[in-house]
Amino acid sequence: MQNNQSRLTALDALRGIAALGVVLFHYLPYYNELYGHSFDSPSFLEFGRYGVHLFFMLSGFVIFMTLERTQTAGWFALARAFRLLPALWAGIALTFLSVHWLGPEDRAVEPVSAVLNMTLLHEYLEHPHVDGAYWSLVIEATFYVWIALLFYGLKSWQRLRPALWLWTAASYIGVIWWKAIPDTLDFLAKDLLFVRYAPLFISGMLLFRWYKYGKPSVADITLLALAIGHCLFAYKAPYNLFVLACYGIFILAISGRLSLLSRPGLLWLGSISYALYLIHQNIGYGLITLFYQWQIPGPVNVALALGIIVALASIVHYGIEKPSLRAFRRWRQRSTMTNTISPRA
C-alpha cells in the first residue's frame, strides 16, 4: 500500500460513521432496554455498540503514526494529553451538570468521582464513569502507556514485534478461557492487558506499517491474521462477524478503494466524532426523558436529542478541542526551534 494522504480522509469518515453508530445504539435499542421507548427501534442498530471496536483499530493506526514522528516519550505523552483531556474535561463538566439537572438519576455520580474521571484513573480506583461511554477511554489511555513504554523502550520494530506476539497470544488465552482466569490474574488480564480488545489496537498498528512501508513481511502478515482472527473468539456471533467486516472496510479504506466516503458531511462528522462520543450518552438520555415528559412523540424526540447533541459536540470541538491542539502545536514548534538553535562559539 503506497503512502497517499488522501486515503486517510476515508478513515476520518469511518470515524464519524462509527461515532454515529454508537450514538444511535445508545439512543434507540439501549435506551429502550434501560428506560423504555414508545416505539420499536430497528434491531440492526444493536451492531452500533461495536463501533467502538472500529475506534480501537483506528487508534492503533493513528498512534503508531504519531509514535514514529515523535522523538521522545515525553512529547508523545503531551501530544496525547492535549488531544484527549481538554475535550474530556469539558465533557465531564457538561455531563455531570446535565445529569444532576435533567437525570437520569441512576446515572448521577459524586463530585469526587467526577474529578477522578478527569484523570482516566477512576476505573482503577473503583469509581463510576461520569458517562458510560468513558469505559473505552480508560482502555485507550492504558494502551497509550503500554505502547509508549514498548516503543521507546525497545526502540525498534524488530524488538517490539515479539512483545506484540506475546500480547496477542495472551489475548487469545484470555478470551478463550475468560471465565477460568484466576482471581490473581483477573486484574492483569482484563484491565491492564484488556485481552478482549488489545488485538484491535495491534492490528491497527500493523495496518499502518502496511500502509506506510508497503508489502509486509511474512511475520507481520501472520501476526496481523492472528490479531484479526481474535475477534471471532472474543465476541459472540453475529457481532464477531460484524467486527470482522469492519476490518475489511478498514483495509479497503487504506487501500484507496473507499474514496466515495470522503464527502464533506462525513468528514465533518468525523472531525467532531470525539466530542460527540464524549457527551452523547447521559446528556442524550436526560434530553430524551425530558422530551417524553413534554409529550413529544418518540421518533421526533430522539431526532431532537440527536440534533442538540451534535450542536453541543460542535461547540466543544471548535471551542475547546481544536484551540487546545493548535496551542499545543505552536508550543511544540517553538520548543523544537529553541532546542535546535545552538549558540555561536
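Residues numbered from 1 in each chain as written. Predicted model: local features only at pLDDT ≥ 70, side-chain atom pairs only at ≥ 80, totals over all residues. Heavy atoms only, no water.

A word on the overall build of the protein
Logical step 1: Assigned secondary structure in the protein consists of 13 helices and zero strands.
Logical step 2: Relative to a compact globule of 345 residues, whose C-alpha radius of gyration would be 20 Å, the protein shows 21 Å and is just as compact.
Logical step 3: Each principal axis of the C-alpha atoms in the protein carries an extent, and together these give about 70 × 55 × 50 Å.
Logical step 4: A sequence separation of at least 24 residues applies to 76% of the contacts in the protein between residues at least 6 apart.
Logical step 5: By element, 65% of the accessible surface of the protein is carried by carbon and sulfur atoms, the whole surface being about 16800 Å².
Logical step 6: Separation of charge centres in the protein, based on 26 positive and 17 negative side chains, amounts to 18 Å. (Helix = DSSP H or I, 4+ residues; strand = E, 2+ residues; numbered from the N terminus. Rg over C-alpha atoms; globule rule 2.2 N^0.38 Å. Contact = heavy atoms within 4.5 Å. Areas by Shrake-Rupley, 256 points an atom, 1.4 Å probe, with all protein chains shown as cover. Lys, Arg positive; Asp, Glu negative; His and termini not counted. Charge placed at Lys NZ, Arg CZ, Asp CG, Glu CD.)

Observations concerning the packing of aromatic side chains
Logical step 1: Taken as a whole, this structure holds 37 aromatic pairs when the rule is applied.
Logical step 2: With a centroid separation of 5.7 Å and 55° between ring planes, the pair formed by Tyr31 and Tyr285 is classed as tilted. Of this pair, Tyr31 sits in helix α1 (residues 5-34) while Tyr285 is found in helix α12 (residues 273-293), placing the two residues 254 residues apart along the sequence. Like Tyr31, the residue Tyr285 is buried in the burial classification.
Logical step 3: On the basis of an interplanar angle of 70° and a centroid distance of 5.6 Å, the ring pair of Phe56 and Tyr197 is categorised as edge-to-face. Here Phe56 is found in helix α2 (residues 51-68), whereas its partner Tyr197 is found in the loop between α7 (183-192) and α8 (198-213), with 141 residues between them in sequence. Neither Phe56 nor Tyr197 differs from the other in exposure class; each is buried.
Logical step 4: Across the ring face of Tyr144, the terminal group of Arg80 is positioned such that the distance to the ring centre comes to 5.4 Å.
Logical step 5: When the ring centre of Trp178 is taken as reference, the NZ or CZ atom of Arg196 above it lies at 5.6 Å. (Phe/Tyr/Trp six-rings, centres within 6.5 Å; stacked < 30°, edge-to-face > 60°. Buried < 20%, exposed > 50% of the residue type's maximum accessible area, 1.4 Å probe, protein only. Lys NZ or Arg CZ within 6 Å of the ring centre and 35° of its normal.)

With respect to the packing of α8 against helix α10 (residues 239-254)
Logical step 1: As a packed pair, α8 and α10 sit with axes 11 Å apart at the nearest point and diverge in direction by 20°. In terms of their interaxial angle, α8 and α10 are classed as roughly parallel. Here the hand of the crossing between α8 and α10 comes out right-handed. Contact residues: α8 offers Pro199, Leu200, Ser203, Leu207 and Tyr211, while α10 offers Val243, Tyr247, Phe250, Ile251 and Ile254.
Logical step 2: Class assignment of the residues belonging to the contact of α8 with α10 gives a composition of nine nonpolar, one polar and no charged. (Axes fitted to C-alpha atoms, helices over the stretch in contact; angles between N-to-C directions. Parallel < 35°, antiparallel > 145°, perpendicular 65-115°, else oblique. Left-handed = near helix turned anticlockwise from the far one by under 90°. Nonpolar A, V, L, I, M, F, W, Y, C, P; charged D, E, K, R; others polar.)

Some points on unusual backbone geometry
Logical step 1: Between Gly103 and the following residue, Pro104, the backbone shows a cis peptide bond with an omega angle of 0°.
Logical step 2: Between Ala237 and the following residue, Pro238, the backbone shows a cis peptide bond with an omega angle of 5°.
Logical step 3: Tracing the backbone shows Pro238 in the loop between α9 (218-234) and α10.
Logical step 4: Look at Gln295: it is not a glycine, yet its phi comes out positive at around 65°.

Quick look at the packing of helix α6 (residues 157-176) against α9
Logical step 1: At their nearest, the axes of α6 and α9 sit 10 Å apart, and the two run at 20° to each other. For the element pair α6 / α9, the angle class is roughly parallel. Here the hand of the crossing between α6 and α9 comes out left-handed. From α6, Trp157, Arg161, Leu164, Trp165, Thr168, Ser171, Tyr172, Val175 and Ile176 reach across to α9, where they touch Ala219, Asp220, Thr222, Leu223, Leu226, Ala227, Gly229, His230, Phe233 and Ala234.
Logical step 2: Tallied by class, residues from the contact of α6 with α9 come to twelve nonpolar, five polar and two charged.

Some remarks on the confidence of the model for the protein
Logical step 1: Scored by pLDDT, the protein has a mean of 93; 96% of the residues are at 70 or more.
Logical step 2: Low pLDDT, under 50, characterises residues 341-345; the stretch is placed with zero contacts to residues that sit more than four places away or in other chains. (pLDDT = per-residue confidence, 0-100.)

Comments concerning α8
Logical step 1: Its 16 residues give α8 an end-to-end C-alpha distance of 23 Å, which sits within 8% of 22 Å, the value for a rise of 1.5 Å per residue.
Logical step 2: Following α8 by one or two positions, Gly214 has its phi on the positive side, about 85°. (Expected span 1.5 Å × (residues − 1).)

Quick look at the nonpolar core
Logical step 1: If you look at the biggest cluster of nonpolar residues, it comprises 105 residues, and the most contacted ones within it are Leu11, Phe61, Leu88, Phe143, Trp167 and Phe250.
Logical step 2: Non-local contacts of Leu11, meaning those with residues more than four positions away in its chain, are made with Leu58, Phe61, Phe250, Ala253 and Ile254. (Core = buried A, V, L, I, M, F, W, Y, C linked by side-chain atoms within 4.5 Å.)

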